[in-house]
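If you want the building blocks of each chain, they are given just below.
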Amino acid sequence: MENITQAQIKQAINSFLSAQYDKKAMPMLKGLEKALQDNDVEASEKIEAELKKSEEKYAQDTWMAYASGWMSTQLSFGTHISKGVHASSKGDNLIYVPLSDSDDRPFSGHHSLANPIIDASGNAAALPFAAFVQTIVVDNITIGDLIKNQNAALKGAFHSDSKMSDHINSVFYKLVIAHIDTPFIDEYNKQILFPSADSYVCLAPLYPASLTHYIFTYIQTIKFSDENALAKKNRSKVTEEQKPYLTIHDLAVLNIGGSNPQGVSQLMSKKRGKTYLLPSLPPSFTQSEALPFSKHARSIFNAKTMAYKTRRTLDALYKIITANHNNMTLRDARKSILDDLLLQILKITNTIQTNRPAGWSIAYHQLDYAEKLWLDPHRGALADEETFKADFEKGDWQREIEKKFASWLQELLKKEFPKIKNDFDDPEHNEWEKEMQIALTESKRLGQGAFR
């Protein structure tokens, strides 16, 4: 920034003013061309007079005097703006400056932005001045950055009269740092009374314009970039290269400013009044599939542990049995619930098989050997565990697991329905063994769980 010259600043100013003039003159030049073609002398003279007037308006000395005079009284800059809270608010804006560059607060906010863009609000007719201070001089350094840092090259850069240039510079400086002699809060601003000792501090939250504009721009890039759009388009085309694409769920849009977002601020106008809202919901906790059990446990089919993990499915089964009907619909429902129960048990055991290190069952001296083979299948790959590996591959342990599941379910049902406990006898036990056999066979076929 120190190496920037006055010539570079003046070139940036001239480029800005030329662009402003071209924008204004373009429709008039088209009208002049038509008037000349039609030999309409009166119309062409009128347009030429308007063009001359515009040319004078965008001459550097004229425009700078106008910007430091009327425009400077119509705009207010800030990273946090009042009109974002309510479009009719006339409260002051604020430029927030982090206390240090190494801010280590454990949350994201305005302080997380390396180069927050400054917003401008006020009279929409004065917004060209906001575009002026955002004009890049060189290497993404703007005129506003130079004014804020009072760069030495600004001396005499704004006006041909050196004293007038210094005056303009001081006016611009107060604007870009949001200098406020007496802060003002409008009645449309929301206020929060924050307790402090035996009194209260009145807080007036302002709209975080710089932060929300950054988030809006970032999300727009994610959603509508050419690469993301192409990847999404090709997702179902087998002839095209498949690439991952990004999407954002549960995204809400808050519209500010109605049909005239420009009346709120410059950045709001660029966003067409849209502010993206990310979901602010409490975390959704899901029950872990892990099944804690003691080193002294003989079996994971423990009525207090496994039954608790599968309680909702068991409750549904109890409800079906209580219906005391024996029609096809209820039999199908009972079969479906039993399938769900087996699926839950296999998920629980899969968590044990996956998350625990190979050989963990060695320390569980009282755990049934068949369950060790089932729940610790990778133990056979360890040194001196050839016997364990051979027993696992033999597969006799599966028959024991089928019996254990059936006995566990039989015990639960007899305890739940003592009056009809004889209904849960050998035929039912055999049926539950068969269902577990089918489940284990399917796991083996798919290479899941113990057979991974």
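In the block above lies the structure referred to throughout.
All residue numbers here refer to positions counted from 1 along the written sequence of the relevant chain. pLDDT decides what is reported in this predicted model: residues at 70 or higher carry local features, side-chain atom pairs at 80 or more are listed and counted, and totals for whole chains, interfaces and linings draw on all residues regardless. To obtain the side-chain values, all non-hydrogen atoms of the structure were used and water was disregarded.

Caption draft 1: Representation of the overall build of the chain within the structure. Going along the chain from the N terminus, every DSSP run of H or I of four or more residues is numbered as a helix, and every run of E of two or more is numbered as a strand. Scanning the chain from terminus to terminus reveals 16 helices and eight strands. At 37 Å, the chain has a C-alpha radius of gyration far larger than the 22 Å of a compact globule built from 452 residues. Taking the principal axes of the C-alpha coordinates as reference, the chain spans close to 110 × 70 × 55 Å. Partly exposed describes any residue whose relative accessible area lies between the buried limit of under 20% and the exposed limit of over 50%, with all areas from a 1.4 Å probe on protein chains only and scaled to the type maximum. Taken over 452 residues, the chain has a buried fraction of 37%. A sequence separation of at least 24 residues applies to 65% of the contacts in the chain between residues at least 6 apart. For the radius of gyration, the atoms used are the C-alpha atoms, and the globule rule reads 2.2 Å times the number of residues raised to 0.38. Should any heavy atoms of two residues lie within 4.5 Å, those residues are counted as being in contact.

Caption draft 2: Examining the pattern of salt bridges more closely. Take a side-chain nitrogen of Lys or Arg and a carboxyl oxygen of Asp or Glu: if they are within 4 Å of each other, that pair is a salt bridge. By the definition in use, this model includes 10 salt bridges. Put simply, Asp339 and Lys335 hold a salt bridge, and the shortest N to O gap is 3.1 Å. Here the residue Asp339 and the residue Lys335 both occupy positions in helix H12 (residues 328–355), the gap between them amounting to four residues, near one helical turn. By relative accessible area, Lys335 is classed as partly exposed at 36%. Salt-bridge contacts for Lys404 lead to Asp368; the nearest nitrogen and oxygen are separated by 3.9 Å. You can see Lys404 sitting in helix H15 (residues 397–416) and its partner Asp368 sitting in the loop between H12 and helix H13 (369–375), a full 36 residues away along the chain.

Caption draft 3: How the structure looks around the nonpolar core. As used in this record, nonpolar core signifies buried Ala, Val, Leu, Ile, Met, Phe, Trp, Tyr and Cys residues forming a set joined through side-chain atoms within 4.5 Å. Counting residues in each nonpolar core, the largest one holds 46 residues, and the members touching the most others are Ile345, Trp374, Trp397, Phe405, Trp408, Leu409 and Leu413. Listed by contribution, the elements that provide at least two residues to this core are helix H10 (306–309), helix H11 (311–322), H12, H13, helix H14 (386–394), H15 and helix H16 (426–446). No other element matches H12, which puts nine residues into this core. Counting residues in each nonpolar core, the second largest holds 34 residues, with Met64, Ala120, Ala130 and Ala153 among its members.

Caption draft 4: Quick peek at the pairing of strand S6 (residues 199–203). Bridge analysis of strand S5 (residues 192–196) against S6 gives five bridges, and the strand direction is antiparallel. Note that in S6 the partner of Ile192 across the bridge is Leu203. Hairpin connection of S5 to S6: two residues between the antiparallel strands, including Ala197 at a positive phi of 55°. Two strands pair if DSSP finds at least two bridges between them.

Caption draft 5: The arrangement of the environment of Asn228 in detail. Among the secondary structure elements, Asn228 is positioned in helix H8 (residues 226–233). Here the alpha-carbon distance between Asn228 and Thr247, two residues 19 residues apart in the chain, equals 8.9 Å. With residues up to four places along the chain from it excluded, the contact list for Asn228 reads Ile222, Lys223, Tyr245 and Leu246.

Caption draft 6: Local environment of the packing of H11 against H15. At a minimum axis distance of 12 Å, the contact between H11 and H15 shows a crossing angle of 55°. Our classification of the angle between H11 and H15 gives oblique. Considering the relative orientation of H11 and H15, their crossing is right-handed. For the pair H11 and H15, contact is made by Leu314, Leu317, Tyr318 and Ile321 and by Trp408, Leu409, Leu412, Leu413 and Glu416, respectively. The classification used treats Ala, Val, Leu, Ile, Met, Phe, Trp, Tyr, Cys and Pro as nonpolar, Asp, Glu, Lys and Arg as charged, and all other residues, Gly among them, as polar. Residue classes in the contact of H11 with H15 are distributed as eight nonpolar, no polar and one charged. Axis lines are fitted to C-alpha atoms, over the contacting stretch for helices. Their N-to-C directions set the angle, which ranges from 0 to 180 degrees. For classification, angles of less than 35 degrees are called roughly parallel, those exceeding 145 degrees roughly antiparallel, those between 65 and 115 degrees roughly perpendicular, and all remaining angles oblique. Handedness of a crossing is defined here by the sense of rotation of the near helix relative to the far one, left-handed for an anticlockwise turn of less than a right angle and right-handed for a clockwise turn.

Caption draft 7: Highlighting the packing of aromatic side chains. Aromatic rings from Phe, Tyr and Trp, taking only the six-membered ring of Trp, are treated as a pair when their centres fall within 6.5 Å; an angle between ring planes under 30 degrees marks them as stacked, one over 60 as edge-to-face, and anything in between as tilted. A complete count under the given rule lists 25 aromatic pairs for this structure. Through pairs of rings, three or more aromatic residues link up here, namely Phe16, Trp63, Phe77, Phe129, Phe132, Phe158 and Phe172. Look at NZ for Lys and CZ for Arg. If either is within 6 Å of the ring centre and within 35 degrees of the ring normal, a charge sits over the ring. The ring of Tyr308 carries the charged tip of Arg311 above its face, separated from the ring centre by 4.1 Å. Directly above the aromatic system of Trp360 lies the positively charged group of Arg356, at a separation of 4.6 Å from the ring centroid.

Caption draft 8: Structural view of helix H2 (residues 41–57). A helix's residues, less one, multiplied by 1.5 Å, set its expected span. With 17 residues, H2 should reach 24 Å at 1.5 Å per residue; the first-to-last C-alpha distance of 24 Å fits that figure. Taken together, the buried positions of H2 are occupied by Ser44, Ile47, Leu51 and Ser54. Taken down its axis, H2 places every buried residue within 85° of arc, on the same side. The exposed residues of H2 that point more than 90 degrees off its buried face are Val41, Glu42, Lys46, Lys52 and Lys53. Against helix H1 (6–37) lie the buried residues of H2. What the arc covers is the set of directions going from the helix axis to the C-beta atoms.

Caption draft 9: Structural view of the side chain of Gln410. With respect to the element layout, Gln410 can be found in helix H15. Dropping the residues within four chain positions of it, Gln410 is found in contact with Phe424, Asp425, His429 and Trp432.

Caption draft 10: Main features of the packing of H1 against helix H3 (residues 60–74). Running from N to C, H1 and H3 cross one another at 85°; their axes reach a closest spacing of 11 Å. In this view, H1 runs roughly perpendicular relative to H3, as classed from their interaxial angle. Note on element contacts: H3 touches H1 through Gln60, Trp63 and Met64, opposite Ile13, Asn14, Phe16 and Leu17.

Caption draft 11: Fine view of unusual backbone geometry. Even without being glycine, Gln150 reaches a positive phi, approximately 45°. With respect to the element layout, Gln150 can be found in the loop between helix H5 (143–148) and helix H6 (162–176). Judged by relative accessible area, Gln150 falls into the partly exposed class, the value being 38%.

Caption draft 12: Molecular detail of a nonpolar patch on the surface. Distance thresholds for patches are 9 Å for like charges and 5 Å for nonpolar side chains (Val, Leu, Ile, Met, Phe, Trp, Tyr), applied to residues having over 30% relative accessible area and no salt bridge. Areas reported here follow the Shrake-Rupley algorithm with a probe of radius 1.4 Å; residue values treat only the protein chains shown as occluding. A cluster of nonpolar residues, Ile192, Phe194, Val201 and Leu203, forms a patch on the protein surface that exposes about 340 Å² of accessible area. Mapped onto the nonpolar patch, the elements with two or more residues apiece are S5 and S6. Relative to the helices and strands, Val201 resides in strand S6. For Val201, a relative accessible area of 38% puts it in the partly exposed group.

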